[in-house]
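Remarks on the overall topology
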Amino acid sequence: MKILVMNAGSSSQKSRFYDLSGGSLPKTPPEPLWDAQIDWTKSDDGAELKVETAHGATLTKTLQPDSKPAGIADMLRTLWSGDTQVIDHPDQVDVVGHRVVHGGQTYQDSVFISSEVKQAIADLIPLAPAHNPANLEGVEAIERAIGSDISQVAVFDTAFHSRMPLTAAVYPGPYDWLDQGIRRYGFHGINHQYCAHRAAQILSTDLNQLRLLTCHLGNGCSLAAIRDGHSIDTTMGYTPLEGLMMGSRSGSVDPGILIHLIRDRGYSPDEVDQMLNKQSGLKGISGISNDLRQIGKAIAQGNDRARLAFDLFIHRLQKEMGAMIASLGGLDAIIFSAGIGEHAPDVRERACDAFRFLGLALDPEKNDATAHDVDIATAGSPVRVLVITAEEDWAIAQECWRLMQP
Ligand code: ADP
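Attention here is on the structure that accompanies the text. (Residues numbered from 1 in each chain as written. Predicted model: local features only at pLDDT ≥ 70, side-chain atom pairs only at ≥ 80, totals over all residues. Heavy atoms only, no water.)

**Regarding the overall build of the chain**
Applicable threshold: Helix numbering and strand numbering both begin at the N terminus, where a helix is a DSSP run of H or I of at least 4 residues and a strand a DSSP run of E of at least 2. Note that the radius of gyration is over C-alpha atoms, with the globule rule given as 2.2 Å times the number of residues to the power 0.38. To sort residues, take the accessible area from a 1.4 Å probe on protein chains only and compare it with the maximum for the residue type: under 20% means buried, over 50% means exposed, and anything in between is partly exposed. Every accessible area reported is derived by Shrake-Rupley at a probe size of 1.4 Å, with residue values counting cover from the shown protein chains alone. Positive: Lys, Arg. Negative: Asp, Glu. His and the chain ends are not part of the count. Charge coordinates come from a single atom per side chain, which is NZ of Lys, CZ of Arg, CG of Asp or CD of Glu.
Looking only at helices and strands, the chain has 15 helices and 14 strands in total. For the chain, the C-alpha radius of gyration of 21 Å lies close to 22 Å, the compact-globule estimate for 406 residues. Taken along its principal axes, the extent of the C-alpha atoms in the chain is 60 × 55 × 50 Å. In the chain, which comprises 406 residues, the share counted as buried stands at 49%. Here the chain has roughly 18600 Å² of accessible surface; of this, 48% comes from carbon and sulfur atoms. With 35 positive and 51 negative side-chain charges, the chain shows a spacing of 5 Å between the two charge centroids.

Here it is, written out as structure tokens:
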């Protein structure tokens, strides 16, 4: 089965093509045959398209900035023409899977995209203004490039959290909020779910028997508490702004601060939005960067604000991990994933340090090594600690494969 994955973000469009011939899914993520990425913000002259194929062909091209649909069409053409071609004709694609950030309460599982599903994704734009429009653009670009008969699947970032108990999902505001859809949805669900399945595989244990804490620590950061195979609590809520301190997002702050800024200091809601999403977190506190690597360099040079930013990031992470463990009522494994989770051993060490009272112990050599999809706890630790590479695109491809089975 030939599967194309479309992963549209607010500033990028990532896309991968997998050929899954054979009757069953591979146990570990296979190499995609074609891997393409558009960075819409690369330069003032235009967006940048980069393509790589499994045969070693590469392409870098500047795209005109004015039309995203035209840019996506350009990207798709490299799949069936030019040096990066891996198929002869667009109709060789069997199914296209899309990451859709917000599925609201309607979608608890992946679905084939119909006009009704498209309308539902459009209706949810107010809840994900940076993402759902880009996801719809991707669906329409495929219809134009391949045809409207092609099977397309929506895989929702919110779906894995959609069975959270009401106590985890409802905000203690007026009850009306719930009727208006103002509730906790949670995000990064595709990777939290992937990590849970991969952890069960690595630990050779039935997922339903495991109590897992998954830590997705990238530019955006969230935790999920996973029991009986699904998320029962998570740190992001109505929007991806709640919870942990992140690259440039504040995470949870006292809502009274927002009232004060707007009512007494004259800030507009858009300015507050900008402050909380773009000028906070590691970037806001350090004044240097949203990238943890830059913070590390500044700490080494004795920069106090960088040190505060790192310590604050760790403190918030430990606190929220504690909250998730309380929701789980026990713990079998912690999983670290995404840019920081996979590449920052000092973050893993400090995060786990708070839970030494549980007997949890990291093997320092394994923690410092760069191996992925491995257990880095000591043999005697009652809680396992895993590092798992985020594989959202492969997770989406697996969902397509599952839905396409007769
Ligand atoms: P996104 O959430 O945008 O998909 P990623 O999962 O790629 O982001 O994570 C990006 C972040 O990971 C970077 O901002 C950086 O802080 C962090 N990161 C990546 N590599 C390293 C590294 N070697 N050491 C520390 N942090 C890293």
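**Looking at the sheet that holds strand E11 (residues 230-234)**
The line we're drawing: A pair of strands is considered paired only if DSSP assigns at least 2 bridges between the two. Whether two residues are in contact is decided by their heavy atoms: any pair within 4.5 Å suffices. To obtain an axis, a line is fitted to C-alpha atoms, over the contacting stretch when the element is a helix, and the angle between two such axes runs from 0 to 180 degrees between their N-to-C directions.
Spatial ordering of the open sheet is given by E11-E10-E9-E12-E14-E13, a layout of six strands whose pairing is mixed. Looking at the sheet topology across the chains shown, the edges are occupied by E11 and strand E13 (374-375). Bridging between strand E10 (residues 221-227) and E11 involves four bridges; their strand directions are antiparallel. Among the inter-strand pairings, Ala 224 is bridged to a residue of E11, identified as Thr 234. Lying on the sheet, helix H6 (residues 189-202) is in contact with strand E9 (212-217), E10, strand E12 (333-337) and strand E14 (384-387); it crosses E9 at an angle near 130°. Lying on the sheet, helix H13 (residues 345-353) is in contact with E9, E12 and E14; it crosses E12 at an angle near 150°.

**Some details on the site of the ligand**
Operational definition: Near residues are defined by distance, with any heavy atom within 4 Å of the molecule or strand qualifying the residue. Counted as a polar contact is a pair of N or O atoms within 3.5 Å, where, for protein atoms, one must be capable of donating a hydrogen and the other of accepting one, and residues adjacent in sequence contribute only when both atoms are in side chains.
The ligand sits among Gly 218, Asn 219, Gly 220, Asn 290, Asp 291, Leu 292, Arg 293, Ala 338, Gly 339, Ile 340, His 343 and Ala 344. With respect to the ligand, the side chain of Arg 293 contributes an N or O atom lying 3.5 Å from a nitrogen atom. Contact with the protein chains covers 68% of the free accessible surface of the ligand, which is 580 Å². If you list the elements that add at least two residues to the shell around the ligand, you get helix H10 (292-300) and helix H12 (338-343). Sort the elements by how many residues they give to the shell around the ligand and H12 lands first, with four residues.

**Things to note about a negative patch on the surface**
Cut-off, in case you're wondering: Like-charged residues within 9 Å of one another, or nonpolar side chains (Val, Leu, Ile, Met, Phe, Trp, Tyr) within 5 Å, are grouped into patches, provided each residue has over 30% relative accessible area and no salt bridge. We define a salt bridge as a contact between a side-chain nitrogen of Lys or Arg and a carboxyl oxygen of Asp or Glu at a distance within 4 Å.
Taken together, the side chains of Asp 346, Glu 349, Glu 365 and Asp 368 make up a negatively charged region of the molecular surface. Counting through the fold element by element, Asp 346 comes out in helix H13.

**Here we look at the environment of Leu 244**
Mapped onto the elements of the fold, Leu 244 is located in the loop between E11 and helix H7 (255-263). Separated by 198 residues in the primary sequence, Leu 244 and Gly 46 have C-alpha atoms spaced 33 Å apart. Once you skip the residues sitting within four places of it in the chain, Leu 244 turns out to touch Leu 217, Cys 221, Ser 222, Leu 223, Thr 235, Ser 250, Gly 251, Arg 316, Leu 317 and Glu 320.

**Focus on the environment of Phe 187**
Tracing the chain through its elements places Phe 187 in the loop between helix H5 (176-179) and H6. Between the C-alpha atoms of Phe 187 and Cys 221, which are 34 residues apart in sequence, the distance is 9.5 Å. Residue contacts for Phe 187: discarding those within four places in its chain leaves Val 101, His 102, Asp 157, Thr 158, His 161, His 192, Ser 222, Met 236, Gly 237, Tyr 238, Thr 239 and Pro 240.

**What to know about the pattern of salt bridges**
Scanning all chains against the criterion turns up 20 salt bridges. With a shortest N-O distance of 3.1 Å, Lys 118 and Glu 143 are connected by a salt bridge. Within this pair, whereas Lys 118 is found in helix H2 (residues 115-123), its partner Glu 143 is found in helix H3 (residues 132-146), the two being separated by 25 residues in sequence.

**Observations regarding the packing of H10 against helix H11 (residues 304-328)**
The condition is simple: For classification purposes, an angle smaller than 35 degrees is called roughly parallel, one larger than 145 roughly antiparallel, one from 65 to 115 roughly perpendicular, and anything else oblique. Less than a right angle of anticlockwise turn of the near helix away from the far helix marks a crossing as left-handed, whereas a clockwise turn marks it as right-handed. Polar here means any residue outside two lists: the nonpolar Ala, Val, Leu, Ile, Met, Phe, Trp, Tyr, Cys and Pro, and the charged Asp, Glu, Lys and Arg; Gly therefore counts as polar.
One can describe the packing of H10 onto H11 by two numbers: an axis separation of 8 Å at closest approach and a directional angle of 130°. If you check the angle between H10 and H11, you find them oblique. The way H10 lies across H11 gives a crossing that is left-handed. Contact with H10, carried on its side by Leu 292, Ile 295, Ala 298 and Ile 299, involves Ala 306, Arg 307 and Phe 310 of H11 and no other residues of that element. Taken together, the residues of the contact of H10 with H11 break down into six nonpolar, no polar and one charged.

**Points about the packing of H6 against helix H15 (residues 392-404)**
Packing of H6 against H15 brings their axes to within 9 Å, and their N-to-C directions diverge by 80°. Between H6 and H15, the interaxial angle falls into the category roughly perpendicular. In this structure, H6 uses Ile 190, Asn 191 and Tyr 194 to contact H15, whose residues at the interface are Glu 392, Trp 394, Ala 395, Ile 396 and Gln 398. In terms of residue class, the contact of H6 with H15 is built from five nonpolar, two polar and one charged.

**Thoughts on the packing of aromatic side chains**
Applicable threshold: To pair, rings of Phe, Tyr and Trp, with the six-membered ring standing in for Trp, must have centres within 6.5 Å; the planes then decide the type, stacked if under 30 degrees apart, edge-to-face if over 60, and tilted in the middle. As a reminder, the over-ring test applies to NZ of lysine and CZ of arginine, requiring each to be within 6 Å of the ring centre and within 35 degrees of the ring normal.
Overall, the coordinates contain five aromatic pairs when judged by the stated rule. Look at Tyr 18 and Trp 394: their rings are 5.5 Å apart centre to centre, the planes differ by 50°, and that puts the pair in the tilted class. Pair noted here: Tyr 18 is in strand E2 (residues 12-19) and Trp 394 is in helix H15, with a separation of 376 residues, a long-range link. According to the relative accessible area criterion, Tyr 18 is buried, its value standing at 1%. The exposure class of Trp 394 is buried, given its relative accessible area of 1%. Here Phe 355 and Phe 357 contribute two aromatic rings whose centre-to-centre distance is 6.4 Å and whose plane-to-plane angle is 45°, an arrangement assigned as tilted. On the accessibility criterion, Phe 355 (6% relative accessible area) is buried. Above the ring of Tyr 185, the side-chain terminus of Arg 183 is found at 5.6 Å from the ring centroid.

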